Amino acid sequence: MITNPLIDEYISKIIPARSPLLSRLETEAAAEGIPIIQLPAAQVLRSLLLLHQPRSILEVGTAIGYSTIWLAEAAPQAKIVTMELDESRIERARANFREAGITERIELIAGDATQGLPDTYSFDCLFIDAAKGQYRVFLDLYLPLLNENGLLICDNVLFRGLVASPEEASKRQRPLVDKLDRLNLWLMEHPELETSIIPVGDGISVSLKRTNTNKTSEKNP
Ligand SMILES: C[S@@+](CC[C@H](N)C(=O)[O-])C[C@H]1O[C@@H](n2cnc3c(N)ncnc32)[C@H](O)[C@@H]1O
């Protein structure tokens, strides 16, 4: 965990009760070891969407649809495209979307998100929460589809805090930790992005896409 467990527990305890469906998905995910966004991070995601009011969202990494339902609740005006490659999770996500009554607003794309989408798609918000080692691939594919003033959110960018203390990573974790470190720097320095990293959940990055950031004008006065 990257946060003080007591504080995390406290925040999780006072977050308003979720719908019976979301509560059930939390229980199922915990019991089956399905990785879903941590509750305090989901609540931050909700606040960001309530502020931003996107009309179109791309989510990379649906799993069983838990975060998709959070997105759909926080942005009731939005159409959501969500991508997942695990067949059994796709089936469960479809059933969960039916139960949540959001099927008409969701396009669930079954397949590998590294294959990209046609450029007829465009989005007001991107939420990246799939294979951590492939975030740069996803961003190279989908950042061009994010509209001006669009919101980009990536989950797990602090990876259990190991990006800040790489010496504590195991030999197996180290390549991923180094990749995430490079990703965070890229997000911070990207000329079209204004990025903050929020130490909540497993760490989320929040970026606003602006073609005319100060960074751009400083480099190209
Ligand atoms: C962390 S889980 C997503 C959790 C979900 N966003 C939530 O919070 O409820 C990551 C998911 O991404 C999927 N995934 C990994 N690589 C992918 C890829 N290249 N294309 C599509 N889905 C992928 C995995 O199968 C897994 O279900």
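Residues numbered from 1 in each chain as written. Predicted model: local features only at pLDDT ≥ 70, side-chain atom pairs only at ≥ 80, totals over all residues. Heavy atoms only, no water.

Details of the environment of Thr103
The condition is simple: Each helix is a run of H or I in the DSSP string that is no shorter than four residues. Each strand is a run of E no shorter than two, and both are numbered from the N terminus. Residue contacts follow a heavy-atom distance rule, with two residues in contact if any of their heavy atoms lie within 4.5 Å.
Inspection of the secondary structure assignment puts Thr103 in the loop between helix H5 (87–100) and strand E3 (106–110). Aside from chain neighbours lying at most four places away, what touches Thr103 is Phe97 and Arg98.

Focus: the layout of surface pockets
Put simply, the rule reads: In this analysis, the protein atoms alone were mapped onto a 1 Å grid. Cavities are point sets where a 1.4 Å probe fits without being able to get out; pockets are open sets with protein on both sides within 12 Å along at least five of seven lines; lining residues have an atom within 4 Å of a point. Grid points are joined across faces, edges and corners, and a volume is the space filled by probe spheres set on the points. Under this grouping Gly is polar, as are all residues other than the nonpolar Ala, Val, Leu, Ile, Met, Phe, Trp, Tyr, Cys and Pro and the charged Asp, Glu, Lys and Arg.
The computed volume of the largest pocket comes to approximately 950 Å³. Forming the walls of the largest pocket are 40 residues, and the residues nearest its centre are Pro35, Ile36, Ile37, Asp129 and Asn156. Where the lining of the largest pocket is concerned, the elements lending two or more residues are helix H1 (5–14), helix H2 (20–32), helix H3 (39–52), helix H4 (66–74) and strand E2 (79–84). Class assignment of the residues belonging to the lining of the largest pocket gives a composition of 21 nonpolar, 9 polar and 10 charged.

Notes on the pairing of E3
Along any regular strand the residues' side chains alternate between the sheet's two faces. Heads up, the condition is: Only strands joined by at least two bridges in the DSSP assignment are considered to pair. The handedness of a crossover follows from its direction of travel: if, with the strands pointing away from the viewer, the path from the first strand over the helix to the second runs clockwise, the crossover is right-handed.
Here 5 bridges tie E2 to E3, and the two strands are oriented parallel to one another. Across the sheet, residue Val81 finds its bridge partner in E3, namely Glu107. Taken together, E2, H5 and E3 constitute a β-α-β crossover, and its handedness is right-handed.

Some thoughts on the site of the ligand
Stated precisely, the cut-off is as follows: It suffices for a single heavy atom of a residue to lie within 4 Å of a molecule or strand for the residue to be listed as near it. Distance and chemistry together define a polar contact, namely a pair of N or O atoms within 3.5 Å, with one atom able to donate a hydrogen and the other to accept it when in protein, and with adjacent residues in sequence counting only for side-chain atoms on both sides. Assignment of a molecule to a cavity or pocket requires that more than half of its atoms lie within 2 Å of the corresponding grid points.
Every one of the 22 residues lining the ligand counts as a neighbour, but Gly61, Ser67, Glu84, Arg89 and Asp129 are closest to it. Here an oxygen atom of the ligand sits 2.6 Å away from a polar atom, N or O, in the side chain of Glu84. A distance of 3.3 Å separates a nitrogen atom of the ligand from a polar backbone atom of Leu85. Of all the cavities here, the one that holds the ligand is the largest pocket.

Here's the deal with the packing of H3 against H4
Quick reminder of the rule: Helix axes use the C-alpha atoms of the stretch in contact, all axes being lines fitted to C-alpha atoms, and the angles between their N-to-C directions lie in the range 0 to 180 degrees. Throughout, the term roughly parallel applies to angles under 35 degrees, roughly antiparallel to angles over 145, roughly perpendicular to angles from 65 to 115, and oblique to all others. By definition, turning the near helix anticlockwise from the far helix through less than a right angle yields a left-handed crossing, and turning it clockwise yields a right-handed one.
Where H3 contacts H4, the axes come no closer than 9 Å and their chain directions differ by 30 degrees. Comparing their axes, H4 and H3 come out roughly parallel. Crossing hand, H3 versus H4: right-handed. Here Leu39, Ala42, Gln43, Leu45, Arg46, Leu49 and Leu50 of H3 lie close against H4, whose contacting residues are Tyr66, Trp70, Leu71, Glu73 and Ala74.

Structural notes on unusual backbone geometry
For the record, the criterion: Relative accessible area decides the class of each residue, using a 1.4 Å probe on protein chains only: under 20% of the type maximum gives buried, over 50% gives exposed, and in between gives partly exposed.
A positive phi angle is found at Ala63, which is not glycine, with a value near 50 degrees. Relative to the helices and strands, Ala63 resides in the loop between strand E1 (56–60) and H4. A relative accessible area of 9% places Ala63 in the buried class. Not every positive phi belongs to a glycine, and Asn156 is a case in point at roughly 70 degrees. Mapped onto the elements of the fold, Asn156 is located in the loop between strand E5 (146–155) and helix H7 (174–189).

Some words on the packing of aromatic side chains
In plain terms, the rule: Stacked, edge-to-face and tilted labels apply to pairs of Phe, Tyr and Trp rings (six-membered ring for Trp) whose centres lie within 6.5 Å, assigned for plane angles under 30 degrees, over 60, and everything in between, in that order.
Inspection of the entire model under this criterion finds 3 aromatic pairs. Ring geometry for Tyr121 versus Phe123: centroids 6.0 Å apart, planes at 15 degrees, classification stacked. The buried category is assigned to Phe123, whose relative accessible area is 2%. Here the aromatic rings of Tyr135 and Phe138 are separated by 6.4 Å at their centres, their planes lie at 50 degrees, and the arrangement is tilted. In this pair, Tyr135 and Phe138 are both assigned in helix H6 (residues 135–142), 3 residues apart and thus about one turn of the helix distant. Judged by relative accessible area, Phe138 falls into the buried class, the value being 3%.

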